[in-house]
Amino acid sequence: MNKQEIAKDMRECLGVTGLISKNQLSKYLKMDRRTKDNKDENETDIMSYLEGLRFIPSGRGPKYFVVDVAGRILDMSVKQ
C-alpha cells in the first residue's frame, strides 16, 4: 500500500474529505484515544502519528491533512 491508497481508504472509511481529527484517526486505526500519560509504556500513542504534522485549528481540536497522516502511518509501519 502506498500513501495515496491509505489516504483514499481513510476518506472512504470515515467519510471525510481532506481533514481528519485525532478521534477519527483513532477510530480508523482502532486505537485508544488516550495519551501516553494514561497508557502502558509499550502501547503506541495516537499522538505519535500526529506529532509534527501540519494542522488547521478548529473549535473542537486540530484537524490534520489526510495525506500527511497517511504518510505518517506508512512511515511508522515501515519502521516496525
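A short tour of the structure in this document, coming up. Treat the numbers as computed from the prediction; the structure is a model and nothing was measured.

Re the pattern of salt bridges
Part 1: Using the criterion set out here, one finds one salt bridge in the structure.
Part 2: A salt bridge links D68 to R54, with the shortest nitrogen-to-oxygen separation between them at 3.1 Å. In this pair, D68 sits in helix 3 (residues 66–79) while R54 sits in the loop between helix 2 (22–29) and strand 2 (55–56), placing the two residues 14 residues apart along the sequence.
Part 3: Residue classification places R54 among the exposed positions, given a relative accessible area of 53%.

Some points on the sheet that holds strand 1 (residues 19–20)
Part 1: With antiparallel pairing, the three strands of this open sheet are ordered in space as 1-3-2. Each edge of the open sheet is held by one strand with a lone partner, namely strand 1 and strand 2.
Part 2: Here two bridges tie strand 2 to strand 3 (residues 63–65), and the two strands are oriented antiparallel to one another. Residue pairing in the sheet places F55 in a bridge with Y64 of strand 3.

A word on unusual backbone geometry
Part 1: Here K30, not a glycine, exhibits a phi torsion of approximately 55°, which is positive.
Part 2: Along the chain, K30 falls in the loop between helix 2 and strand 2.

Cut-offs and rules
Residues numbered from 1 in each chain as written. Predicted model: local features only at pLDDT ≥ 70, side-chain atom pairs only at ≥ 80, totals over all residues. Heavy atoms only, no water. Salt bridge = Lys/Arg side-chain N within 4 Å of Asp/Glu carboxyl O. Helix = DSSP H or I, 4+ residues; strand = E, 2+ residues; numbered from the N terminus. Buried < 20%, exposed > 50% of the residue type's maximum accessible area, 1.4 Å probe, protein only. Pairing = 2+ DSSP bridges.

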